[in-house]
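Understanding the architecture of this molecule
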Amino acid sequence: MISELYELKKMAARVEAATMGGGEIDEESDERGSMWDLDQKLDQSMDEEAGRLRNMYKEKKFSALLLLQLSFQSLGVVYGDLGTSPLYVFYNTFPHGIKDPEDIIGALSLIIYSLTLIPLLKYVFVVCKANDNGQGGTFALYSLLCRHAKVKTIRNQHRTDEELTTYSRSTFHEHSFAAKTKRWLEERTSRKTALLVLVLVGTCMVIGDGVVVLVAVVILVSLFSVQHYGTDRVGWLFAPIVFLWFLSIASIGMYNIWKHDTTVLKAFSPVYIYRYFKRGGIDRWTSLGGIMLSITGIEALFADLSHFPVSAVQIAFTAIVFPCLLLAYSGQAAYIRNHPHHVADAFYRSIPGSVYWPMFIIATAAAIVASQATISATFSLIKQALAHGCFPRVKVVHTSRKFLGQIYVPDINWILMILCIAVTAGFKNQSQIGNAYGTAVVIVMLVTTLLMTLIMILVWRCHWVLVLVFTVLSLVVECTYFSAMLFKVDQGGWVPLVIAAAFLLIMSVWHYGTLKRYEFEMHSRVSMAWILGLGPSLGLVRVPGVGLVYTELASGVPHIFSHFITNLPAIHSVVVFVCVKNLPVYTVPEEERFLVKRIGPKNFHMFHDDFEKRLFESLFLFIRLESMMEGGCSDSDDYSICGSQNHFKEKNENVATFDTFDSIESITPVKRVSHTVTASSQMSGGVDELEFINRCRDAGVVHIMGNTVVRARRQARFYKKIAIDYVYAFLRKICREHSVIFNVPQESLLNVGQIFYV
């Protein structure tokens, strides 16, 4: 009961916020003041109870056994890429052989501290804490920033967005460093655009990284073919293989240290890094490109957070992955110290003869699993890009009922497979693939560092000294690797750059077109007064039924509607404006997905969401709630929300909007209260309206969608014409239509065309 009452109060509060547009509370009466105090106490008690229930999904408590199961499962999805690096690191570090035995110790020391500083300290214990309700990746960081600063390029924020329980943002002291940084970002559109481009570059590099894998073509086809089973099943399939792999390489590593050279353990001293570079030579600097491969896979680690809890990922890395990798690299170094001429295939040469073939089978299986991390990461990043309007609409399949982040994107899966086959077939040797791999990873790390700097300032509110230490230390390490990778661009490193550039072009053009379409909707929207004034002149006819008008706007009357009634002066008895709105949050609780407000005369029955069923359920709930609130009012001059609700004065025009935020759908009903009625008549009026809407619903529902064609102006530059008239037009043609997403019956669909020039 308390949960139902809570929902009624919350919905009423959203009605008040929407109808008033920030109206003032009427506290002139002592009686109302006491009611306000009582209401505050009721609000507090219900907020505590409902908040506990609502946030269960956000603060899931995993049992120790379940957490261990998830940690084990994450091995097969998250760590296959990072775990198979010992197969090729030393070969790519010394492609021309080893000139000085001490270089082996120096290289091992670099590997040890690279694994410690970047994957362990930076990613597992710092970056992973910056997840967005379990979501990872560059777009997750961008979503956090969008909630704490107005940096979105599509300015569709609404004050009611911040009322969501998942929409956490903080206030800043006016003179704080965070407030100054926030103002600096918000001042210019160019800075917002630069931030978005930075995010897109990081995302595209992860995708380009996922294309570059060292697996045979036949195996690639098999790997991508099992993706539709979902992360849960794939994880259980691959986890035993990866777990066995880590145990095997750790055991062989300990054996090689004991048998060949225990002195390699002195590489844990950073002094040998200094000595390694002191001996000089360009080869030692460029060898960082090979050492960089020891940490490839960390970019996928962060992006894969949506598939598993953060604690499970952290446990798996600290308890299994990190120590096993240290032992594996140390063992290989010990073997190479005695057999420097075996560096080209040091991993297989270092395997004891008695277990060679079993280990060969395990290594082959682990190499097959290795690319799973980047495949899963790509799915997550594409879904996040969709929510920000940065990628054409594609089908996203949720493969788990327990974890919303476990998804499968069919179209992207097969595109990645084709690209992987082409790249694998095109490279001549393993070294080229390694160079390509490292180039993509180091760019992703640099982007993550820059975004994390803003996160630490705006979201975590860290002291500027701590931010400076983190940023400088990260950039010193990563820029060093980046400078070394520049020497590898012409040796295969250009491949992920080209692939990333292609995805960046697609994302940029799609976002630009989406932005211009939204700006067109904003500038072309019309007032309700204009529509009311058109009625007599056009002779508008109300026909039986319900019309669902889909719009980009969360409030106001869209241009498509005025365009429709101007050419065909007839509207349905009930009109609902449906707005699909994406918010920078991972998910929205079920009970908060509808925002209600009204504009226009009540007798117009115009409302601004198995989509129809939920739509009408929300609409009926709104009307009942409104009737209840109106029933407790007795003011003769203004309409007030009474009873257990706060008292707000009503404006002349009130908008009733249902917003669905998760997919995210929203709707907007329209009504204006222009006369005063008694409490009993208001209650009966609500019942009559429900009956009227039910009759209209039985008469039929028509979905009215706009088909806005974006074209470049004649005087536009040639590159804009190519981007808009060809690239964007092609993407619009092949992407999923809104009618398909909402499962709209074709016989109930009405498209309204219009052309917009940019």
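Calculation notes
Residues numbered from 1 in each chain as written. Predicted model: local features only at pLDDT ≥ 70, side-chain atom pairs only at ≥ 80, totals over all residues. Heavy atoms only, no water. UniProt positions renumbered as here; feature names shortened; annotations may be inferred. Pairing = 2+ DSSP bridges. Helix = DSSP H or I, 4+ residues; strand = E, 2+ residues; numbered from the N terminus. Right-handed = clockwise from strand over helix to strand, strands pointing away. Phe/Tyr/Trp six-rings, centres within 6.5 Å; stacked < 30°, edge-to-face > 60°. Buried < 20%, exposed > 50% of the residue type's maximum accessible area, 1.4 Å probe, protein only. Core = buried A, V, L, I, M, F, W, Y, C linked by side-chain atoms within 4.5 Å. Contact = heavy atoms within 4.5 Å. Arc of directions from axis to C-beta.

By the naming in an unreviewed UniProt entry, the protein chain goes by Potassium transporter and is assigned to Brassica napus. According to the UniProt record, the Function (unreviewed entry) comment for the protein chain reads "Potassium transporter." Per UniProt, the protein chain has the following entry under Sequence similarities (unreviewed entry): "Belongs to the HAK/KUP transporter (TC 2.A.72.3) family."

We now examine the pairing of strand S3 (residues 541-551). Judged from the nine bridges that link them, S3 and strand S4 (residues 570-580) form a sheet pairing that is parallel. Opposite Thr551, over in S4, you have Cys579 as the bridge partner. The β-α-β motif built from S3, the intervening helix H25 (residues 559-567) and the parallel element S4 has right-handed crossover chirality. When S3 meets strand S10 (residues 701-711), the two strands line up parallel, connected through four bridges. When the bridges of S10 are listed, Val546 appears paired with Val701.

The next point concerns the packing of aromatic side chains. Aromatic ring pairs are described here by two measures, namely the spacing of the ring centres and the angle between the planes. Summed over all chains, the structure comprises 19 aromatic pairs. Taken together, a centroid distance of 5.4 Å and an interplanar angle of 40° make the contact between Trp245 and Phe347 tilted. Here the residue Trp245 occupies a position in helix H11 (residues 231-259), and Phe347 occupies one in helix H17 (residues 346-349), the gap between them amounting to 102 residues. Overall, Phe347 belongs to the buried group, its relative accessible area being 7%. With a centroid separation of 5.4 Å and 75° between ring planes, the pair formed by Tyr276 and Phe277 is classed as edge-to-face.

To continue, consider the nonpolar core. In this structure, Tyr79, Trp245, Phe246, Phe317, Phe391 and Met445 are the most contacted members of the largest nonpolar core, which totals 144 residues. Dropping the residues within four chain positions of it, Trp245 is found in contact with Gly83, Thr84, Leu87, Phe347, Met359, Ile362, Ala363 and Ala366. Judged by nonpolar contacts, the second largest core, of 19 residues, contains Val576, Val578, Met705 and Phe742.

Let's shift gears to the side chain of Ser748. Its location among the elements puts Ser748 in the loop between helix H29 (738-741) and strand S11 (749-757). If we ignore the near neighbours within four places in the chain, the residues touching Ser748 are Val701, Val702 and His703.

Quick look at helix H12 (residues 271-278) now. When H12 is considered as a whole, its buried residues turn out to be Tyr272, Ile273 and Tyr276. Seen along its axis, H12 keeps its buried residues to an arc of 105°; they face one direction. Structural note: H12 exposes Tyr274 and Lys278 on the side pointing more than 90 degrees away from its buried face. Its buried side turned inward, H12 meets helix H6 (102-124) and helix H13 (282-286). Gly280 sits one or two residues past H12 and shows a positive phi near 70°.

One non-glycine residue with positive phi stands out, namely Asn133, at about 55°. For Asn133, the location among the structural elements is in the loop between H6 and helix H7 (138-148). Judged by relative accessible area, Asn133 falls into the partly exposed class, the value being 25%. A positive phi angle is found at Arg461, which is not glycine, with a value near 60°.

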